[in-house]
Amino acid sequence: MTLKDQVAVVTGGGTGIGAATALALAEAGAQVAVGGRRLEPLEAVAARCSGPGTIRPHRLDVADRDSVETFFSWVERELGPVAILVNAAGVNVARRTMRELDPADWDRLLQINATGAYNCMHRVLPGMRAAGRGTIVNISSVAGKRAGPLGGVAYNASKFAMTALGLSVAAEEAQSGIRVTNIYPGEVDTPILRQRPQPVSEEHRRRILQPEDVAAAVMLAVTLPPRAHVAELVIKPTTQVYV
Ligand SMILES: NC(=O)c1ccc[n+]([C@@H]2O[C@H](COP(=O)([O-])OP(=O)(O)OC[C@H]3O[C@@H](n4cnc5c(N)ncnc54)[C@H](OP(=O)(O)O)[C@@H]3O)[C@@H](O)[C@H]2O)c1
């Protein structure tokens, strides 16, 4: 139980990578709070938890600062100060080329994927500074390192922003005991693939990463001793080309 009694927050924790990460954190003994806009998937993940840690669900919209404040105040009241934050909340849109993208979707993707991560980091950092330790993991994307056509214009831009946010704060906080890890997954078999312009075949889904593969990368970053900082980690399906 390497994370016994540590308080962890996973945004987007009701499905996909966030859900797998919440379950892995609880399996390592953490007291986990999962947040997302829909309560039902959060409750379903909490029900799948078999300990030794716990998973507690609560509504959260990372793009709404009042919601972020309400969520983290609840976490601190119910569980205590946050030691681990995993920013896994994220969205994409089917019409994602520059030609097709609705400007409102540009705003929405930036607000959730980039500003949402900023909002949550901004909320937890003072407590982590006071404690002299803490680990923040940003689930960026290979789209946050290489702006190819797969992710689309707004998603790529939002993930580049998330990447820069993580690297900037990691550098600023290097002496304060706080680690910020950016993880860049390639294709993962999760519900976000439903937003793809072309349907993803079952055969393709079987070839790509599973959410628990990315959760294993998160666990590496959060369970290493405080002296060791995984600054960046690219994890992709063996069959996906990344150059
Ligand atoms: N799957 C991939 O191929 C892949 C590759 C690289 C990176 N990623 C990134 O991995 C992260 C997790 O995505 P996933 O693949 O696991 O897909 P997913 O299952 O769709 O997970 C995204 C989660 O984010 C939550 N969310 C969306 N908007 C939110 C908001 N405003 N506030 C709070 N929660 C919000 C969703 O729940 P609600 O809708 O209930 O809010 C959902 O649970 C995302 O940032 C994604 O960009 C995914």
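A quick note: this is a predicted structure, and the numbers were derived from the prediction, not measured.

Participant: Residue-level account of the sheet that holds strand 3 (residues 54-59), with values.
Facilitator: Read across the sheet, 7 strands follow the order 3-2-1-4-5-6-7 without closing on themselves; strand pairing throughout is parallel. Looking at which strands have only one partner, the edges of the open sheet turn out to be strand 3 and strand 7 (232-235). Looking at each pair of strands side by side, their axes are set apart by 15° on average, direction ignored. Strand direction decides the pairing type here: strand 5 (residues 134-139) and strand 6 (residues 178-185), joined by 6 bridges, are parallel. Looking at the pairing, Ile 139 lines up with Ile 183 of strand 6.

Participant: Got a sec to walk through unusual backbone geometry? Specific residues and values, please.
Facilitator: Trans is the common state for peptide bonds, and a negative phi is the common state for residues other than glycine. Cis peptide bonds are those with omega within 30 degrees of zero, and the linkage from Gly 51 to Pro 52 qualifies with 5°. Relative to the helices and strands, Pro 52 resides in the loop between helix 2 (39-48) and strand 3. In the Ramachandran plot, Asp 5 falls in the positive-phi region, its phi being about 65° despite a non-glycine side chain. You can see Asp 5 is positioned in the segment before strand 1 (7-11). Taking the C-beta count within 10 Å as the criterion, Asp 5 has 12 such neighbours and is therefore assigned exposed.

Participant: Provide a residue-level description of helix 5 (residues 153-172), including the pertinent values.
Facilitator: When the terminal C-alpha atoms of helix 5 are compared, their 29 Å separation across 20 residues agrees well with the 28 Å that a helix rising 1.5 Å per residue should span. All of the buried residues along helix 5 are Ala 154, Tyr 155, Asn 156, Ser 158, Lys 159, Met 162, Thr 163, Leu 165 and Gly 166. Residues of helix 5 that are buried make contact with helix 4 (103-131), strand 5 and strand 6.

Participant: A description of the site of the ligand should follow, citing residues and the corresponding values.
Facilitator: By nearness alone, 29 residues border the ligand, and Gly 12, Gly 16, Arg 37, Gly 90 and Thr 190 come closest of all. When the residues that make up the shell around the ligand are grouped by side-chain class, the tally is 13 nonpolar, 12 polar and 4 charged.

Participant: Outline the packing of helix 3 (residues 65-78) against helix 4, listing residues and values.
Facilitator: Direction vectors running N to C along helix 3 and helix 4 enclose 40°, while the axes themselves pass 10 Å from each other. In this view, helix 3 runs oblique relative to helix 4, as classed from their interaxial angle. In the packing of helix 3 onto helix 4, the handedness of the crossing is right-handed. Facing Arg 65, Val 68, Glu 69 and Phe 72 of helix 3, the residues of helix 4 in contact are Asn 119, Cys 120, Arg 123 and Val 124. In terms of residue class, the contact of helix 3 with helix 4 is built from 4 nonpolar, 1 polar and 3 charged.

Participant: Lay out the environment of Gly 18 in plain terms, naming residues and giving numbers.
Facilitator: Assignment of secondary structure puts Gly 18 in helix 1 (residues 16-27). Look at Gly 18 and you get buried, because 30 C-beta atoms sit within 10 Å. For Gly 18 and Ile 235, which are 217 residues apart along the polypeptide, the C-alpha to C-alpha distance reads 16 Å. Residues within four places of Gly 18 in sequence aside, it is in contact with Val 10, Thr 11, Gly 12, Gly 13, Val 34 and Ala 88.

Thresholds applied
Residues numbered from 1 in each chain as written. Predicted model: local features only at pLDDT ≥ 70, side-chain atom pairs only at ≥ 80, totals over all residues. Pairing = 2+ DSSP bridges. Helix = DSSP H or I, 4+ residues; strand = E, 2+ residues; numbered from the N terminus. Axes fitted to C-alpha atoms, helices over the stretch in contact; angles between N-to-C directions. Buried ≥ 20, exposed ≤ 12 C-beta atoms within 10 Å, placed from the backbone. Expected span 1.5 Å × (residues − 1). Contact = placed C-beta atoms within 7 Å. Near = placed C-beta within 6 Å. Nonpolar A, V, L, I, M, F, W, Y, C, P; charged D, E, K, R; others polar. Parallel < 35°, antiparallel > 145°, perpendicular 65-115°, else oblique. Left-handed = near helix turned anticlockwise from the far one by under 90°.

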